[in-house]
Amino acid sequence: MTKAITEEAVTGVYGNMFLKTICIADLGCSSGPNTFIVVTEVMKAVDKIRRKFGRQSSPEFQIYLNDLPGNDFNSIFRSLPRFREELKEELGSEFGQCFFTGVPGSFYSRLFPTESLHFVHSSYSLMWLSQVPKGVEMNKENIYLASTSPSSVIQAYYEQFQKDFSMFLKCRSEELVSGGRMVLTILGRKGDDPTSKECCYIWELLAMALKQMVYEGLIEQEKLYSFSIPQYTPSPFEVKAEVEKEGSFAINRIEASEINWAACGNKFNLPHSFNDDGYNVAKCMRSVAEPLLIDHFGESIIDKLFHKYGEILSDCMSKEETKFVNVTISMTKKERMDG
């Protein structure tokens, strides 16, 4: 859904700069089959522009793959030879050399040398906060924002998002060259209400599964009351406001798009007996939330929890249309003003 925006941004970089080496960073790269999807699309876009402009030689590519230190970078490195071969087969021998570097660390801090990047991409990562906001103890039975959350809790989440996102923008503004581009896709919301169903419902249903386990005596109530998801799903207005306030980037495009929850499981290629949207969405959410849940509740409850969650999701999705909202923003780093 964001491919055209990414291509447009890459055209803005490579079309305006005669680069021998183009440096690209993917922040929150994860590990597994989809790690290389974005960088592949970016490299293809560069090659397409090169041919269109009639440039004889392809630039070299320096690809930085970033995620937290616990990410499985070794599996990424093991899959690189095969990925390089596939890329060469698809794009031909004249395609430029590719150099890959793993960069472990939080993107809420500096990761790269000053003015060393031409293009930054991040997808489905920036809704994660650097920490659970302080002062959310009153949120008790909710594991995230909900309609019953006190206003002080809602404010604490929003202020943590503001602090983190402005730090992210500041760090990237120092690392990108002037005229460099950045495309971010963030799980968000369309409306003004940060406790609305469009952004909080998926977590409310997980909270229901956790409460069932409290009633069954499998989880202590205090454990549930002290658990919070370190996430904030911003609106386009909130994203735009932080970019304008930080001041280093010009916004080229910002938009919100929708995707059905059911689309989560479309690429699992599961046996027909598992052809269940609730099961697939629970599997998707497990890949996201499991480390947080194990850290807080322990490993023994996880299988049962996600079985319950899958049942709740199936029931809910059979009765109503459920969608995620993506906020995508494309930006250009402004020219530095000396003095």
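That block above? That's the structure.
Below or above, wherever it landed, is the structure these notes cover. Being a predicted model, the structure only gives us computed values, none of them experimental.

### Quick look at the overall build of the chain
Thinking step 1. What the chain contains, in helices and strands, is nine helices and seven strands.
Thinking step 2. In terms of C-alpha radius of gyration, the chain reaches 21 Å, essentially the compact-globule figure of 20 Å for 339 residues.
Thinking step 3. The burial tally for the chain puts 52% of its 339 residues in the buried class.
Thinking step 4. If you take every contact in the chain between residues at least 6 apart in sequence, the share linking residues at least 24 apart comes to 83%.
Thinking step 5. Counting every atom, the chain has about 16500 Å² of accessible surface; 51% of that belongs to carbon and sulfur.
Thinking step 6. The distance from the centre of the 37 positive side-chain charges to the centre of the 45 negative ones in the chain is 5 Å.

### Section: the packing of aromatic side chains
Thinking step 1. Taken as a whole and assessed by the stated rule, the structure comprises 18 aromatic pairs.
Thinking step 2. With a centroid separation of 6.2 Å and an interplanar angle of 10°, the aromatic rings of phenylalanine 165 and phenylalanine 168 are classed as stacked. In this pair, phenylalanine 165 and phenylalanine 168 both sit in helix H4 (residues 151-175), three residues apart, roughly one turn of the helix.
Thinking step 3. The class for phenylalanine 168 is buried, based on a relative accessible area of 0%.
Thinking step 4. For the cation-ring pair, arginine 55 lies above tyrosine 14, with the distance from its terminal atom to the ring centre recorded as 4.6 Å.
Thinking step 5. Here the basic side chain of arginine 172 rests over the ring of phenylalanine 168, its NZ or CZ set 4.9 Å away from the ring centre.

### Examining the side chain of aspartate 67
Thinking step 1. Within the secondary structure, aspartate 67 sits in strand S2 (residues 60-67).
Thinking step 2. One buried charge, aspartate 67, has no salt-bridge partner; the nearest side chain with opposite charge is arginine 172, at 12 Å.
Thinking step 3. Reaching out from aspartate 67, the side chain makes a polar contact with the backbone nitrogen of serine 30 at a distance of 2.7 Å.
Thinking step 4. What aspartate 67 contacts, discounting residues up to four positions off in sequence, is Gly28, Cys29, Ser30, Phe73, Val103, Pro104 and Gly105.

### Regarding the environment of isoleucine 76
Thinking step 1. Considering the arrangement of structural elements, one finds isoleucine 76 in helix H3 (residues 73-91).
Thinking step 2. Linking isoleucine 76 and glycine 102, residues 26 residues apart in sequence, is a C-alpha distance of 8.7 Å.
Thinking step 3. Here isoleucine 76 is in contact with Cys29, Ser30, Ser31, Thr35, Phe36, Leu65 and Asn71, once residues within four sequence places are set aside.

### Some remarks on the packing of helix H5 (residues 197-215) against helix H9 (residues 302-319)
Thinking step 1. It is at 9 Å that the axes of H5 and H9 come closest, and there the two elements cross at 130°. As far as their axial angle goes, H9 and H5 are oblique. By crossing handedness, the relation of H5 to H9 is classed as right-handed. Residues Tyr201, Ile202, Leu205, Leu206, Met208, Ala209, Leu210, Gln212 and Met213 of H5 form the contact with H9, whose participating residues are Lys304, Leu305, Lys308, Tyr309, Ile312, Leu313 and Cys316.

### Some details on the sheet that holds strand S4 (residues 117-123)
Thinking step 1. Reading across the sheet, the seven strands line up as S3-S2-S1-S4-S5-S7-S6 and stay open at both edges, with mixed pairing between neighbours. Either end of the sheet is taken by a strand with one partner, and the two such strands are strand S3 (98-104) and strand S6 (249-260). On average, each strand axis in the sheet is tilted by 15° relative to the strand beside it, whichever way the strands run.
Thinking step 2. When strand S1 (residues 21-27) meets S2, the two strands line up parallel, connected through seven bridges. Bridged to isoleucine 22 within S2 is phenylalanine 61.
Thinking step 3. Here H3 sits on the sheet in contact with S2 and S3, set at roughly 160° to S3.
Thinking step 4. On the sheet, helix H7 (residues 236-246) packs against strand S5 (176-188), S6 and strand S7 (323-333) and is oriented at approximately 160° with respect to S6.

### Describing the packing of helix H8 (residues 277-297) against H9
The geometry of a pair of packed helices is captured by two quantities: the angle between their axes and the separation between those axes.
Thinking step 1. At a minimum axis distance of 9 Å, the contact between H8 and H9 shows a crossing angle of 140°. Considered as vectors, H8 and H9 are oriented oblique to each other. The two elements H8 and H9 cross, and the hand of that crossing is right-handed. Seen from H8, the contacting residues are Asp277, Gly278, Tyr279, Val281, Ala282, Met285, Arg286, Glu290, Leu293 and Ile294; seen from H9, they are Ile302, Asp303, Leu305, Phe306, Tyr309, Gly310, Leu313, Ser314 and Met317.
Thinking step 2. Its residues assigned to classes, the contact of H8 with H9 comprises 12 nonpolar, three polar and four charged.

### A look at unusual backbone geometry
Thinking step 1. Positive phi values are uncommon outside glycine, yet glutamate 115 reaches one of about 50°.
Thinking step 2. Residue position: glutamate 115 is located in the loop between S3 and S4.
Thinking step 3. Taking relative accessible area as the criterion, glutamate 115 reaches 37% and is therefore assigned partly exposed.
Thinking step 4. The backbone of lysine 140 sits at a positive phi, close to 25°, despite the residue not being glycine.
Thinking step 5. With respect to the helices, strands and loops of the structure, lysine 140 is situated in the loop between S4 and H4.

### Focus: the pairing of S5
Remember that side chains alternate between the two faces of the sheet whenever the strand is regular.
Thinking step 1. Counted residue by residue, S5 has 12 buried out of 13 residues, so it is predominantly covered.
Thinking step 2. Where S4 meets S5, six bridges bridge the pair, whose relative direction is parallel. Within S5, the position partnered with serine 123 by the bridge is threonine 185.
Thinking step 3. Handedness of the β-α-β unit built from S4, H4 and S5 comes out right-handed.
Thinking step 4. As paired strands, S5 and S7 are joined by eight bridges and run antiparallel to one another. Looking across to S7, one finds that valine 183 is bridged to serine 330.

Conventions and cut-offs
Residues numbered from 1 in each chain as written. Predicted model: local features only at pLDDT ≥ 70, side-chain atom pairs only at ≥ 80, totals over all residues. Heavy atoms only, no water. Helix = DSSP H or I, 4+ residues; strand = E, 2+ residues; numbered from the N terminus. Rg over C-alpha atoms; globule rule 2.2 N^0.38 Å. Buried < 20%, exposed > 50% of the residue type's maximum accessible area, 1.4 Å probe, protein only. Contact = heavy atoms within 4.5 Å. Areas by Shrake-Rupley, 256 points an atom, 1.4 Å probe, with all protein chains shown as cover. Lys, Arg positive; Asp, Glu negative; His and termini not counted. Charge placed at Lys NZ, Arg CZ, Asp CG, Glu CD. Phe/Tyr/Trp six-rings, centres within 6.5 Å; stacked < 30°, edge-to-face > 60°. Lys NZ or Arg CZ within 6 Å of the ring centre and 35° of its normal. Salt bridge = Lys/Arg side-chain N within 4 Å of Asp/Glu carboxyl O. Polar contact = N/O pair within 3.5 Å; in protein donor to acceptor, adjacent residues only side chain to side chain. Axes fitted to C-alpha atoms, helices over the stretch in contact; angles between N-to-C directions. Parallel < 35°, antiparallel > 145°, perpendicular 65-115°, else oblique. Left-handed = near helix turned anticlockwise from the far one by under 90°. Pairing = 2+ DSSP bridges. Nonpolar A, V, L, I, M, F, W, Y, C, P; charged D, E, K, R; others polar. Right-handed = clockwise from strand over helix to strand, strands pointing away.

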